[in-house]
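The lines below spell out each chain.
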Amino acid sequence: MVSSILILILCLLAFAAIHSIVASLRFKRFLRRRLGPRVDTLYMPAFSIMAVLTILPLAYVLYKNPGPFLYIIPSPWRWLMVGGQLAAAIMAPMAFRDAPHRFRVSSQLSKSGTAEAGRLDIRGVYRWVRDPFLLSGLVIMWLTPFMTANLLIIYILTTIYLYLGSRHWESRLVAQFGDEYREYQKRVHRIIPRLGGYN
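Keep in mind that this is a model prediction, so the values were computed, not measured.

Peer 1: Looking at this structure, how should I read the nonpolar core?
Peer 2: Side chains that are nonpolar tend, in soluble globular proteins, to be buried together. Counting residues in hydrophobic clusters, the biggest one holds 18 residues, and the most contacted among them are Leu120, Ile122, Val125, Tyr126, Tyr181 and Tyr184. When contributions to this core are tallied by element, the ones reaching two or more residues are α4 (77-98), α7 (149-177) and α8 (179-187). The element that contributes the greatest number of residues to this core is α7, accounting for four residues. Tyrosine 126 has contacts with Ala95, Asp98, Ala99, Arg102, Phe103, Pro132, Phe133, Tyr184 and Val188, leaving out every residue within four places of it along the chain. Residues Leu12, Leu62, Leu151 and Tyr155 belong to the second largest nonpolar core, which totals 13 residues.

Peer 1: Looking at this structure, I do not really get a positive patch on the surface. What am I missing?
Peer 2: On the surface, a cluster of positive charge is made up of Arg26, Arg29, Arg33 and Arg34. Relative to the helices and strands, arginine 26 is located in helix α2 (residues 25-35). With relative accessibility at 71%, the residue arginine 26 sits in the exposed group.

Peer 1: Explain the environment of leucine 53 to me, please; I cannot follow it from the model alone.
Peer 2: Its place among the elements puts leucine 53 in helix α3 (residues 39-64). According to the relative accessible area criterion, leucine 53 is exposed, its value standing at 52%. For the pair formed by leucine 53 and phenylalanine 15, sequence separation is 38 residues and the distance between their alpha carbons is 9.3 Å.

Peer 1: What is the right way to read α3 from this model?
Peer 2: Residues spaced three or four apart along an α-helix face the same direction, because each turn holds 3.6 residues. The terminal C-alpha atoms of α3 lie 37 Å apart, and with 26 residues this matches the ideal 38 Å at 1.5 Å per residue to within 8%. Within α3, the axis deviates most sharply at leucine 56, by approximately 30°, and proline proline 57 lies no more than four positions further along. Those residues of α3 not exposed but buried are Val39, Tyr43, Phe47, Met50, Ala51, Thr54, Leu58, Val61 and Leu62.

Peer 1: When you look at a nonpolar patch on the surface in this model, what are you seeing that I'm missing?
Peer 2: Nonpolar side chains collect at one region of the surface, where Trp142, Ile156, Leu157, Ile160, Tyr163 and Leu164 lie side by side and expose about 530 Å² of accessible area between them. Tallying contributions element by element places α7 first for the nonpolar patch, with five residues. Its place among the elements puts leucine 164 in helix α7.

Peer 1: Quick question: what am I supposed to make of helix α6 (residues 132-142) here?
Peer 2: Among the residues of α6, those classed as buried are Pro132, Leu134, Leu135, Ser136, Gly137, Leu138 and Met141. Among the structural elements, α4 and α7 are those in contact with the buried residues of α6.

Peer 1: Just checking my understanding: could you explain the environment of glutamate 180 for this structure?
Peer 2: Note on placement: glutamate 180 falls in helix α8. As for glutamate 180 and leucine 120, which are separated by 60 residues in sequence, their C-alpha atoms are 7.0 Å apart.

Peer 1: Even after reading the chapter, I still don't get the pattern of salt bridges, so can you show me in this structure?
Peer 2: Any two side chains of opposite charge can pair, on the condition that their charged atoms come close. In this structure the tally under the stated criterion is eight salt bridges. Across the salt bridge formed by aspartate 121 and arginine 123, the nearest N and O atoms sit 3.5 Å from each other. Here aspartate 121 falls in the partly exposed class, since its relative accessible area comes to 41%. Judged by its relative accessible area of 36%, arginine 123 falls in the partly exposed class. We note a salt bridge from lysine 186 to glutamate 183, for which the minimum N-O separation is 4.0 Å. Of this pair, lysine 186 and glutamate 183 both sit in helix α8, three residues apart, which is roughly one turn of that helix. Judged by relative accessible area, glutamate 183 falls into the partly exposed class, the value being 37%. Each of Arg130, Glu170 and Arg190 takes part in salt bridges that share partners, so that together they form one network.

Peer 1: Explain the packing of α6 against α7 to me, please; I cannot follow it from the model alone.
Peer 2: For any two helices packed against each other, one specifies the inter-axial angle together with the distance between the axes. The geometry of α6 relative to α7 is characterised by a closest axis approach of 10 Å and an angle of 175° between their N-to-C directions. Compared by their axis directions, α6 and α7 come out roughly antiparallel. On the side of α6, the interface is formed by Leu134, Gly137, Leu138, Met141 and Trp142, while α7 contributes Leu152, Tyr155, Ile156, Thr158, Thr159, Leu162, Tyr163 and Ser166. Its residues assigned to classes, the contact of α6 with α7 shows nine nonpolar, four polar and no charged.

Cut-offs applied
Counting restarts for each chain: residues are numbered from 1 in the order of the written sequence. Predicted model: local features are reported for residues with pLDDT of at least 70 only, side-chain atom pairs are reported and counted for 80 or more only, and whole-chain, interface and lining totals are derived from all residues. Hydrogens and water molecules were not included; the side-chain quantities draw on all heavy atoms of the structure. Here, nonpolar core means buried Ala, Val, Leu, Ile, Met, Phe, Trp, Tyr and Cys residues that are tied together by side-chain atoms lying within 4.5 Å of each other. Exposed residues in this analysis have more than 50% of their type's maximum accessible area, buried residues have under 20%, and partly exposed residues fall in between, with area computed by a 1.4 Å probe over protein chains only. For helices the rule is a DSSP run of H or I covering at least 4 residues; for strands it is a run of E covering at least 2, with both sets numbered from the N terminus onward. Throughout, a contact is declared for two residues whenever any of their heavy atoms are within 4.5 Å. Residues qualify for a patch when their relative accessible area is over 30% and they have no salt bridge, like charges being joined within 9 Å and the nonpolar side chains of Val, Leu, Ile, Met, Phe, Trp and Tyr within 5 Å. The accessible surface values rely on the Shrake-Rupley method and a 1.4 Å probe; as for residues, cover is taken only from the protein chains in view. We define a salt bridge as a side-chain nitrogen of Lys or Arg found within 4 Å of a carboxyl oxygen belonging to Asp or Glu. Charge counting treats Lys and Arg as positive and Asp and Glu as negative, with His and both chain ends excluded. By convention, the charge on Lys lies at NZ, on Arg at CZ, on Asp at CG and on Glu at CD. The span one expects for a helix is its residue count, reduced by one, times 1.5 Å. Fitting axes to the seven residues ending at a residue and to the seven starting there, one defines the bend at that residue as the angle between these axes. To get an axis, fit a line to the C-alpha atoms, keeping to the stretch in contact for a helix; angles then go from 0 to 180 degrees between the N-to-C directions. An angle below 35 degrees is treated as roughly parallel, one above 145 as roughly antiparallel, one from 65 to 115 as roughly perpendicular, and anything else as oblique. In this count, Pro and Cys sit with the nonpolar residues alongside Ala, Val, Leu, Ile, Met, Phe, Trp and Tyr, while Asp, Glu, Lys and Arg are called charged and the others, Gly among them, polar.

The following block contains the structure:
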């Protein structure tokens, strides 16, 4: 039991370390020097593939060593939870669609107020929540209609990692968009959707 938890934590830490390094501005500057403008078209697909490949060992170890069940939600409540997970899963591609300029490496590396950094341009899902990826990740995890001991540990650690990652991401958005983003922070919550949306 202890060894399986340790292996799971090590897998999660390895994923978090690789993910954080590859998402860092230092690494993106390195890629920009090597790839030039092509980095904008190559980075996101490569990053997504890397994320999937590095999460697979964790998923496999968790599948083989789930630990004892803590609870299983009965019907019809489990289907409501799965419905919530599906709705959250739709949010991530919507977030990419609604703010592609936030994910361009060249824009992230630019100074606030420059043409390359771009404007914030609040639209779509960002009118209700500042970090739809954090919200969707938390909903998908915590609405899982069953829970095991090892899964609970991974969910707790992942929640902490996602929250810290969200804070770091927000600091980068402030650097990219300046006062425009600071004003947006005052009007829209990071995780809890804002009723009525951003106007």
